[in-house]
Amino acid sequence: METHQAVLALAALSQPTRLEAFRALVRHEPEGLAAGDLARLLEVPQNTLSAHLSVLSRARLVCSERHSRSIIYRANLGEFREVAVFLLRDCCGGRPEVCEPVVETLQSCCSPKRKEKVRA
C-alpha cells in the first residue's frame, strides 16, 4: 500500500459517523447492510449517510452492490487489512517483542468463537 492510499483511508475513518458506519459494516460481515438499515442503525438521515458512504467508498473501505431496489454495503476487510499492515510494517525494527503485545491483542479479539458442546 502506498502512503497516499493509507492517508485516504485514515482520513475517511477520522470522522465519527464514518467510523461508526465502517464498524457497523464490519459487525455485519459477510451479509452487509442495506443503506436504509445502516442509516436507521446509526440514527443518521439517509442523505447524510450517503455522503459518508461515498467518502468510505472512495477510500476503498466499503463496497456496494445493488439488490433489487436496495444497495447493500459491505466493509472491504482486505483494504482495511492493508491499512493495518501499512501502519504496523516495520514497527518493531527487528525486535519482535515490541510488536508482540499488539499482535496478541489482535489475536484475542479476532479469535474464532468456540462452539459449545451439546449434552444429550
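On a predicted model such as this, the values are computed, not experimentally measured, just so you know.

What counts and what doesn't
- Residues numbered from 1 in each chain as written.
- Predicted model: local features only at pLDDT ≥ 70, side-chain atom pairs only at ≥ 80, totals over all residues.
- Heavy atoms only, no water.
- Helix = DSSP H or I, 4+ residues; strand = E, 2+ residues; numbered from the N terminus.
- Polar contact = N/O pair within 3.5 Å; in protein donor to acceptor, adjacent residues only side chain to side chain.
- Pairing = 2+ DSSP bridges.
- Contact = heavy atoms within 4.5 Å.
- Axes fitted to C-alpha atoms, helices over the stretch in contact; angles between N-to-C directions.
- Phe/Tyr/Trp six-rings, centres within 6.5 Å; stacked < 30°, edge-to-face > 60°.
- Buried < 20%, exposed > 50% of the residue type's maximum accessible area, 1.4 Å probe, protein only.
- Arc of directions from axis to C-beta.

Student: Summarise the environment of Thr105; cite the residues concerned and give the values.
Tutor: Relative to the elements of secondary structure, Thr105 occurs in helix α6 (residues 96–110). Taking the C-alpha atoms as reference points, Thr105 and Val55, 50 residues apart in sequence, are found 29 Å from one another. A distance of 2.9 Å separates a polar side-chain atom of Thr105 from the backbone oxygen of Pro101.

Student: If you had to explain the sheet that holds strand β3 (residues 70–75) to someone new, which residues and values would you point to?
Tutor: Hydrogen bonds between backbone groups are what pair the strands of a sheet, and the pairing can be parallel or antiparallel. Read across the open sheet, the three strands follow the order β1-β3-β2; overall the sheet is antiparallel. Only two strands of the sheet have a single partner each, and these edge strands are β1 (33–34) and β2 (62–67). Pairing of β2 with β3, which is carried by six bridges, proceeds in the antiparallel orientation. Across the sheet, Cys63 pairs through a bridge with Arg74, a residue of β3. Across the face of the sheet, helix α2 (residues 16–27) comes into contact with β1, β2 and β3 while running at roughly 90 degrees to β3.

Student: Report on the environment of Cys91, specifying residues and quantitative values.
Tutor: The topology assignment puts Cys91 in the loop between α5 (77–88) and α6. With 17 residues separating them in the primary sequence, Cys91 and Ser108 have C-alpha atoms 20 Å apart. Filtering out sequence-adjacent residues up to four positions away, Cys91 remains in contact with Val98 and Cys99.

Student: Describe the packing of aromatic side chains, naming the residues involved and giving the relevant values.
Tutor: For the structure shown, the criterion picks out one aromatic pair. Summarising the aromatic geometry, the rings of Phe22 and Phe80 are spaced 5.3 Å apart at their centres and angled 45 degrees between planes, so their arrangement reads as tilted. Here Phe22 is found in helix α2, whereas its partner Phe80 is found in helix α5, with 58 residues between them in sequence. Phe80 gets classed as partly exposed once you look at its relative accessible area, which sits at 35%.

Student: So what's going on with helix α3 (residues 35–42)? Which residues, and what values?
Tutor: Side chains three or four residues apart in an α-helix point the same way, a direct result of the helix having 3.6 residues per turn. Along α3, the residues that are buried comprise Gly36, Leu38, Ala39 and Leu42. Looking straight down α3, one finds that the buried residues subtend no more than 160 degrees of arc, so they occupy a single side. With its phi angle positive at about 55 degrees, Glu43 sits one or two positions after the end of α3.

Interpretation in functional terms is not warranted from these geometric data alone.
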